Amino acid sequence: MKLDRKDILKALETITIAGEGKNMVESGAIANVITFGDEVVVDLVLHTPAMHIKKRAEEDIKKAILELVSAAAKIKINSKVEVPDKPEIKGKQIPGIKNIIGVASGKGGVGKSTVTANLAVSLAKMGFSVGILDADIYGPSMPIMFDVESEKPISVTVDGKSKMKPVESYEVKILSIGFFTAPSQAVIWRGPMASKALNQMIFDADWGELDFMLVDLPPGTGDIHLSIVQSLPITGVVIVSTPQAVALADAKKGVSMFMSEAINVPVLGIIENMAYFTPEELPENKYYIFGKEGARNLADDLEVPFLGEVPIVQSIREAGDYGRPAAMQAGSIIETVFEEITRNVVREVINRNESLPATEAVKITTMAGCSAVKKN
């Protein structure tokens, strides 16, 4: 069957892009349509870097052509993002750091720091150079989770300037306000002072070459989050939530903040922590203590990727308390779980860097497909 360009355009007039009132053809999002027999090539131009909008637009185009024109049509979509020049909250690049990933949650106590620590060691095991910036100023957890509570960053001279050298544990470089306060000391700071301390850990540190910097953000949507996106060119953010309705409500607010027009940081996806409990003596049983698939359903509703689920396992808590992240337990279920989630995160970073305008972060070029294995 030979496809007619006019029929294709008519079908595309039934689609609108999220946030725009006009249909795709009228708004200029469809830059060109070319047909070759049963093949059609659609040139799509978007004006927002949000990954979920791009994905939804491409899916809608394919669906409209297959349903309204020909179910046998072979469709190719060339997508391009053209973001209009406007002042954005974007920070300056740190030399040597390729990708900066924020790990956030709307609600406290959902295991965000635990997930951050295990993502970091999983990335390191895959061969990447990794750092963690513990931006949870009022409740720093990384010194405990990496068994470096008693460590202190040392001062080094770089290009004639004095810099902090991050503490290193399990091949992960770490900076945390916890290194500069006593374990029992509360950090009672107003927003500006906390932001200043963060900036010192970011720019007055000798991070060296990193493939990934993970930023463990505090719960909620406040001063620290704004300071981070103002200071750093965040590649993307990962949201952590439990399946519980109360946690999901706050996770949704977190996604909304990063996707807002002012901040405009790509959301790489959602991780569901404490997804279910399986007793050791009943390995086939799953008990959904906090609800079932709540974060997965939220990801579907918000049209962002679902990166995976982490079960409730006693060894995860024990490993965090003992300062040896659970993902380092070779041959365990938890190692497999975090390897899969980490691969999904890396895949989304690759997709983000290939399809969206760079935020000053350098693209990953050292991986084969989505295997998340660094080649030498």
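Everything quoted here is computed from the prediction, not taken from an experiment. (Residues numbered from 1 in each chain as written. Predicted model: local features only at pLDDT ≥ 70, side-chain atom pairs only at ≥ 80, totals over all residues. Heavy atoms only, no water.)

(A) Representation of the layout of surface pockets within the structure. In this structure, the largest pocket occupies an estimated 490 Å³ of space. The wall of the largest pocket is formed by 16 residues, among which Thr 278, Pro 279, Glu 280, Val 313 and Ile 333 lie closest to the centre. At the level of elements, strand S12 (267-277), strand S13 (306-312), helix H10 (314-322) and helix H11 (333-355) are the ones that each hand at least two residues to the lining of the largest pocket. Among the residues forming the lining of the largest pocket, the class breakdown is nine nonpolar, five polar and two charged. Considering only enclosed or pocket space, the second largest pocket measures out at about 380 Å³ in volume. Contributing elements (two or more residues each) for the lining of the second largest pocket: helix H3 (51-68), helix H9 (294-302) and H11. (1 Å grid on protein atoms, 1.4 Å probe; cavity = no way out; pocket = protein on both sides within 12 Å on 5 of 7 lines; lining within 4 Å. Points joined across faces, edges and corners; volume = space filled by probe spheres on them. Helix = DSSP H or I, 4+ residues; strand = E, 2+ residues; numbered from the N terminus. Nonpolar A, V, L, I, M, F, W, Y, C, P; charged D, E, K, R; others polar.)

(B) Spotlight on the packing of helix H4 (residues 112-125) against H11. Contact pair H4 / H11: the axes reach a minimum separation of 9 Å and the direction vectors enclose 80°. Here H11 runs roughly perpendicular to H4, going by the angle between their axes. Mapping the contact onto sequence places Val 115, Asn 118, Leu 119, Ser 122, Leu 123 and Lys 125 in H4 and Glu 335, Phe 338, Glu 339, Ile 341, Thr 342, Val 345 and Val 346 in H11. Of the residues in the contact of H4 with H11, the class split is seven nonpolar, three polar and three charged. (Axes fitted to C-alpha atoms, helices over the stretch in contact; angles between N-to-C directions. Parallel < 35°, antiparallel > 145°, perpendicular 65-115°, else oblique. Contact = heavy atoms within 4.5 Å.)

(C) Local environment of the pattern of salt bridges. Applying the stated criterion across every chain, the model contains nine salt bridges. The partner of Lys 98 in a salt bridge is Asp 211, and the shortest N-O contact between them spans 3.4 Å. Of this pair, Lys 98 sits in strand S4 (residues 97-104) while Asp 211 sits in strand S10 (residues 210-216), placing them 113 residues apart in sequence. Take Lys 98: its relative accessible area is 25%, and that puts it in the partly exposed class. (Salt bridge = Lys/Arg side-chain N within 4 Å of Asp/Glu carboxyl O. Buried < 20%, exposed > 50% of the residue type's maximum accessible area, 1.4 Å probe, protein only.)

(D) Focus on a nonpolar patch on the surface. A cluster of nonpolar side chains, Phe 277, Leu 282, Tyr 287, Ile 289 and Phe 290, forms an exposed patch at the surface whose accessible area comes to about 430 Å². Relative to the assigned elements, Leu 282 resides in the loop between S12 and H9. On the basis of relative accessible area, Leu 282 is assigned to the partly exposed category, the value being 38%. (Patch = residues over 30% accessible without salt bridge, like charges linked within 9 Å, V, L, I, M, F, W, Y side chains within 5 Å. Areas by Shrake-Rupley, 256 points an atom, 1.4 Å probe, with all protein chains shown as cover.)

(E) Looking closely at the nonpolar core. Judged by nonpolar contacts, the single largest core of 45 residues is most densely connected at Phe 146, Val 172 and Ile 271. Among the elements that make up this core, the one with the highest residue count is H11 (eight residues). Contacts of Ile 271, omitting those with residues within four sequence positions, involve Val 115, Leu 119, Val 238, Ile 239, Val 240, Ser 241, Leu 307, Gly 308, Val 310 and Ile 341. Counting 42 residues, the second largest nonpolar core, distinct from the first, contains Ile 97, Leu 198, Trp 207 and Ala 295. (Core = buried A, V, L, I, M, F, W, Y, C linked by side-chain atoms within 4.5 Å.)

(F) Representation of the pairing of strand S2 (residues 39-46). Of all the eight residues making up S2, six are buried; the element is thus mostly covered by neighbouring parts of the structure. Two elements, strand S1 (residues 30-36) and S2, share six bridges in a ladder whose sense is antiparallel. Residue pairing in the sheet places Asn 32 in a bridge with Asp 43 of S2. Here S1 hands over to S2 after two residues, with Gly 37 in that stretch at a positive phi of 60°. As judged from the eight bridges shared by S2 and strand S3 (residues 74-81), these two strands associate in the parallel manner. Residue Leu 44 lies in a different strand from S3, and its bridge partner there is Ser 79. (Pairing = 2+ DSSP bridges.)

(G) Inspection of the sheet that holds S13 at higher detail. The sheet built from eight strands is open, its strands ordered S8-S9-S5-S10-S4-S11-S12-S13 with mixed pairing. The sheet is open, and its two edges are formed by strand S8 (167-169) and S13, each paired on a single side. Pairwise comparison of adjacent strand axes, ignoring direction, gives a mean angle of 25° for this sheet. As paired elements, S4 and strand S11 (residues 236-241) share four bridges and run parallel to each other. What sits directly across from Gly 102, in S11, is Val 237. Lying on the sheet, H4 is in contact with S4, strand S5 (130-134), strand S9 (172-176), S10, S11 and S12; it crosses S10 at an angle near 170°.

(H) Region of the structure containing the sheet that holds S2. Judged by pairing direction, the sheet is mixed, and its three strands sit side by side in the order S1-S2-S3 without closing on themselves. At either margin of the open sheet sits one strand with a lone partner, and together these are S1 and S3. Sheet twist, expressed as the mean angle between neighbouring strand axes with direction ignored, is 15°. Helix H1 (residues 5-12) rests against S1 and S2 of the sheet, and its axis sits at about 140° to S1.

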